[in-house]
Structure formats: C-alpha cells, structure tokens
Amino acid sequence: VSTQSTGDCIIPSPAQDKLILSTNLCKKYSVDVKSGILSCSVPACCIPGIEDQRIYKFSEHKECYALATNSGVSICKWDNIVSSPGSIESDTSFYSVDWIGDNIIAGGDCGKLIEIDGSTGAKVNNYIAHSGSINVVRRRDQNTFVTAGFDGICRIWDRRSKEVEQQFTPSSWQQAKRSKLGTHITCLDVWDDWVVCGGGPNLSLWYLKEESGIALLDMGDSIPSVVRFMQDSIVAAGNSPYLMHWGLSGKLKYKVTSKLEAVKDISVNTSVREQPVLLAAGTPSDINVFLDLGYLSHTVPFLV
C-alpha cells in the first residue's frame, strides 16, 4: 500500500459502478466502487506522449478524456489510445481542464488559457485571461465558462466573442476576506447563475445577476481544494479530513469525517443507483466511498 502517492483527481468512468482516479505518481486506476476492489491499474506512462508527467486534473467527454499536466494538455480515449500524438502546449503546466461542447478549455501557468478542438487536438483560441496561474476552469453552459486562479479574480467568459462577460473578486467581500491566507482562488464550481469559490478567501456563494456575495460557507482556517454543487447541497473539502455539506442558503447541514488527512478531489455518481455515491481522494491515497453522500461505507486501498 502506497504511503507516498496522492489521489489528485477523481471522476466516474463510462462503465457502471466504476471510477477513474489519477495520482501524483502519474498513474490512473479503475476501481469497482460496489465491492471496493481495485479491478485494474494502468500506468499513465504506458500512454504514448505523456511519459514523466504529473497529471493535475482530467475531464471526461463521450469516449475521450483530457489531461491537464505539467507539460501540456493530452487527449486520450477510454481505451488508452491517444487521439492526438504528444501534448498540446508542452512547454506550459496546465492545472485545470474542462469540456465545453466538443472542445476543451485548459488553464495554466502565467494566465495561459486555450481552447482545443477535442477531435483533432488543434488549438482553436488563445485568451488573455489572468495575471497569474489559472487554478480552475469550469464549464457553465455550451458557450460560457468560468476561470479563477492566483490573481483572485473569477471571470465568466463567452467563447464566441472571447470576451469576459462578468467578473468579481471574492476577497473584496469583507465577510469572505482572510488577509493572512491571501486572495488566490483554489477551487470553484458553477451552476446556472450561481458560483461557489474559495481559497485564500473563505468559501462563498455568489449570485451572478446581483454580482454580490450571497452566503459565507465558513471553513475556519482551512483552505478548500475542491467544492461541488451536488443536488440541493454544496460540498467542499480541503486540507483537513472533513467533507462539509451546506444548504444553498449557506447553512451548514453536516460535517463528515473521512479517513484522509487532506481531501484533494471529490466526485458524485447518482445515475446508476438509487443511493447516490460520493467518492473522495487525497492524502493518503486510499479512496473513501460515501453512501447517500455522507455515510462512509468503505475505503479502497490504493496499490502502486
């Protein structure tokens, strides 16, 4: 059992009751969440073109997924065949990636934000995005997406015009401001006209039509690493063992203790069973499986 690897990102796979986990040791795994059995493991270095890379984030779409790595963006198929050889923008570290339609939006170092044709790997657009690294990119709808990062600004973009539709700075809201922790944004999620984000500033919920903070989701001195809208709740976690569940009003519903020292990513699957399953990955590298989004059912030992 590895005590050195970290589960960095986790998503459902197209197969029923399976999840895909990527780690800082450049491996990705398929896990049966029903039995807790690690059914197969495929080193990412077996995929041509992404040797010696750290995978920071990946996002799935139809039969493909996109990898944001420390040496560019790679596009792969679920059968592990690279659809475009090598990496795109291989001289840049990318920290976040998401699909918008059949294209990929990726953000990385020095405020670099690019749009890629998901079928060919060709770069479609460059954006002048942020003054520092982009930590998170999230799709809003077929034409708009949200970015945030080191400069502490959240921007909503229209991919048709390549222009910023709207922007706000969470640390400017006095209730969310945490001066000693900085202004950078580490995580964000978007649902319709609602954005939840945090990092140096405390986690906060924003309504885009009012351009103001609506609710403070207090995490104390913890820095959140991931936040998600899930059903009628907001779930967040960070550099502590806790997964915190808030209502959309900002009221804390409950706090669940994982068996992780820190949580790096979470994912939820409600499509294949009546009982929704929440998955958490982080440090150490065991995967925590929660039933009904809050009951810790079992952990999946992570072998390397």
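Owing to the predicted nature of the structure, the values given are computational and were not obtained by experimental measurement.

Peer 1: It is not clear to me how the overall build of the chain should be interpreted in this structure. Could you clarify?
Peer 2: Scanning the chain from N- to C-terminus turns up 0 helices and 27 strands. Here the chain, with 304 residues, has 56% of them falling under the buried criterion. Relative to all contacts within the chain whose residues are 6 or more apart in sequence, the contacts with residues 24 or more apart total 41%. Carbon and sulfur atoms make up 48% of the accessible area of the chain, which totals about 12,700 Å².

Peer 1: Whenever I open this one, the side chain of E89 confuses me. Can you help?
Peer 2: By the element assignment, E89 lies in the loop between β7 (72-77) and β8 (94-100). Reaching out from E89, the side chain makes a polar contact with the side chain of K112 at a distance of 2.9 Å. A distance of 2.3 Å separates the side chain of E89 from the side chain of K123, its partner in a polar contact. Here E89 is in contact with S71, G72, F94, K112, I114 and K123, once residues within four sequence places are set aside.

Peer 1: Explain the nonpolar core here, please?
Peer 2: Considering soluble globular proteins, one finds that nonpolar side chains tend to be buried as a cluster. Judged by nonpolar contacts, the single largest core of 15 residues is most densely connected at A148, C154, F168, L188, V195 and C197. Within the residue set of this core, elements represented by two or more residues are β13 (144-149), β14 (154-158), β16 (185-191) and β17 (194-199). Top element by residues in this core is β16. It accounts for 3 residues. If sequence neighbours within four positions are ignored, C154 has contacts with T147, A148, Q166, Q167, F168, P170, I185, L188 and C197.

Peer 1: So what exactly am I meant to see when it comes to the confidence of the model for the chain here?
Peer 2: Note: predicted coordinates in regions of low pLDDT should not be interpreted at a detailed level. Confidence in the prediction of the chain, expressed as mean pLDDT, is 81, and 77% of residues score 70 or more. Under a pLDDT of 50 for its full length, residues 1-5 has, in the predicted model, 13 contacts with residues more than four places off or in other chains. Under a pLDDT of 50 for its full length, residues 13-19 has, in the predicted model, 26 contacts with residues more than four places off or in other chains.

Peer 1: Before we go on, may I ask you to explain the packing of aromatic side chains in this structure?
Peer 2: Two descriptors summarise a pair of aromatic rings, namely the distance from one centre to the other and the angle between the planes of the rings. A complete count under the given rule lists 9 aromatic pairs for this structure. Seen from their ring centres, F168 and W206 are 4.5 Å apart, and the 25° between their planes marks the pair as stacked. You can see F168 sitting in strand β15 (residues 163-168) and its partner W206 sitting in strand β18 (residues 203-207), a full 38 residues away along the chain. Between W191 and F229, the ring centres sit 5.9 Å apart and the planes meet at 50°, which makes this aromatic pair tilted. Of this pair, W191 sits in strand β16 while F229 sits in strand β20 (residues 224-230), and the two are 38 residues apart along the sequence. On the basis of relative accessibility, which here comes to 45%, the residue W191 falls in the partly exposed class. The class for F229 is buried, based on a relative accessible area of 15%. Cluster of aromatic residues (ring-pair linked, three or more members): Y127, F145 and W157. Note that K255 overlies the ring of Y242, its terminal NZ or CZ placed 4.4 Å from the centroid.

Peer 1: What's the story with the sheet that holds strand β26 (residues 287-291) in this structure? I'm lost.
Peer 2: Across a sheet, paired strands are connected by hydrogen bonds in the backbone, their directions being either parallel or antiparallel. Read from one edge of the open sheet, 4 strands run β24-β25-β26-β27, paired in antiparallel fashion. One side of each edge strand has no neighbouring strand; the edge strands of this open sheet are β24 (262-269) and β27 (295-300). The average angle at which neighbouring strand axes cross in this sheet is 25°, direction not considered. Direction of pairing for β24 relative to strand β25 (residues 277-283): antiparallel, over a ladder of 7 bridges. When the bridges of β25 are listed, A262 appears paired with T283.

Definitions and cut-offs
- Residues numbered from 1 in each chain as written.
- Predicted model: local features only at pLDDT ≥ 70, side-chain atom pairs only at ≥ 80, totals over all residues.
- Heavy atoms only, no water.
- Helix = DSSP H or I, 4+ residues; strand = E, 2+ residues; numbered from the N terminus.
- Buried < 20%, exposed > 50% of the residue type's maximum accessible area, 1.4 Å probe, protein only.
- Contact = heavy atoms within 4.5 Å.
- Areas by Shrake-Rupley, 256 points an atom, 1.4 Å probe, with all protein chains shown as cover.
- Polar contact = N/O pair within 3.5 Å; in protein donor to acceptor, adjacent residues only side chain to side chain.
- Core = buried A, V, L, I, M, F, W, Y, C linked by side-chain atoms within 4.5 Å.
- pLDDT = per-residue confidence, 0-100.
- Phe/Tyr/Trp six-rings, centres within 6.5 Å; stacked < 30°, edge-to-face > 60°.
- Lys NZ or Arg CZ within 6 Å of the ring centre and 35° of its normal.
- Pairing = 2+ DSSP bridges.
- Axes fitted to C-alpha atoms, helices over the stretch in contact; angles between N-to-C directions.

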